[in-house]
Amino acid sequence: MEIDLRKARQTVRELAERLEELDGVEPDAAPTRAGQRERSEVSRSLQYMAHLGNRVSVEIMDVFCAYREWDKPGRRHESTEA
């Protein structure tokens with residue numbers, strides 16, 4: 001069995017890029033439309049980054065479950081003979 005974590009690595013890269021973009025940002029606190037728009041964008045970005053974190057967790061668990069299925073007694077030899 002080949003462990004394939006490409007999807008998870010891509011998700012981690014996207015998350016890291018977004019984290020770098022938002023790190024240190026100081027949202028506009030002014031009660032203006034522009035300020036509200038910026039705060040909304042920050043809020044959506046934070047929610048999306050949380051989603052990416054969840055997604056990478058699921059992608060890794062998918063690989064783990066496939067590995068566990070492969071690692072059951074008697075299965076490893078079957079898959080290498082085919």
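Cut-off values and rules
- Residues numbered from 1 in each chain as written.
- Predicted model: local features only at pLDDT ≥ 70, side-chain atom pairs only at ≥ 80, totals over all residues.
- Heavy atoms only, no water.
- Helix = DSSP H or I, 4+ residues; strand = E, 2+ residues; numbered from the N terminus.
- Rg over C-alpha atoms; globule rule 2.2 N^0.38 Å.
- Buried < 20%, exposed > 50% of the residue type's maximum accessible area, 1.4 Å probe, protein only.
- Contact = heavy atoms within 4.5 Å.
- Lys, Arg positive; Asp, Glu negative; His and termini not counted.
- Charge placed at Lys NZ, Arg CZ, Asp CG, Glu CD.
- Patch = residues over 30% accessible without salt bridge, like charges linked within 9 Å, V, L, I, M, F, W, Y side chains within 5 Å.
- Areas by Shrake-Rupley, 256 points an atom, 1.4 Å probe, with all protein chains shown as cover.
- Salt bridge = Lys/Arg side-chain N within 4 Å of Asp/Glu carboxyl O.
- pLDDT = per-residue confidence, 0-100.
- Expected span 1.5 Å × (residues − 1).
- Arc of directions from axis to C-beta.
- Core = buried A, V, L, I, M, F, W, Y, C linked by side-chain atoms within 4.5 Å.

Counting secondary structure elements, the protein contains three helices and zero strands. Secondary structure of the protein in N-to-C order comes out as α-α-α. Here the C-alpha radius of gyration of the protein, 20 Å, is well above what a compact globule of 82 residues would show, namely 12 Å. If you line up the protein on its principal axes, its C-alpha atoms span 65 × 15 × 15 Å. For the protein, buried positions account for 15% of its 82 residues. Across the protein, contacts joining residues at least 24 apart in sequence account for 64% of those joining residues at least 6 apart. When the 14 basic and 17 acidic side-chain charges of the protein are each reduced to a single mean position, those positions are 4 Å apart.

Relative to the helices and strands, Asp71 is located in the loop between α2 (33-70) and α3 (75-81). Here the alpha-carbon distance between Asp71 and Met1, two residues 70 residues apart in the chain, equals 9.2 Å.

A contiguous nonpolar patch, built from Met1, Ile3, Leu5, Ile60 and Tyr67 and spanning about 430 Å² of accessible area, is present on the exposed surface. Its relative accessible area of 32% is what places Tyr67 among the partly exposed residues.

With respect to the helices and strands, the residue Thr11 is situated in helix α1 (residues 6-22). Not counting the four nearest positions on each side in its chain, Thr11 is found in contact with Leu52, Arg55, Val56 and Glu59.

Confidence along the protein averages 91 in pLDDT terms, with 93% of residues attaining 70 or more. By mean pLDDT, the top-scoring element of the protein is α1 (97), and the lowest-scoring one is α3 (62).

For the rest of this paragraph, the subject is α1. In this model α1 runs 25 Å from its N-terminal to its C-terminal C-alpha over 17 residues, within 8% of the 24 Å that 1.5 Å per residue would give. Within the sequence span of α1, burial applies to Ala8, Thr11, Glu14, Leu15 and Leu22. Axial view of α1: buried residues confined to an arc of 125°, hence all on one face. When the buried face of α1 is taken as reference, the exposed residues oriented beyond 90 degrees from it are Arg6, Glu17, Glu20 and Glu21. Those residues of α1 that are buried lie in contact with α2.

All right, on to the nonpolar core then. One broad rule of soluble globular proteins: the nonpolar side chains tend to lie buried together. Leu15, Leu22, Val42, Met49 and Leu52 together form the largest nonpolar core, which totals five residues. Among the elements of the structure, α1 and α2 are those that each provide at least two residues to this core. Ranked by residue count, the leading element in this core is α2, at three residues. Those residues in contact with Val42, other than ones at most four positions away along the chain, are Leu22 and Pro27.

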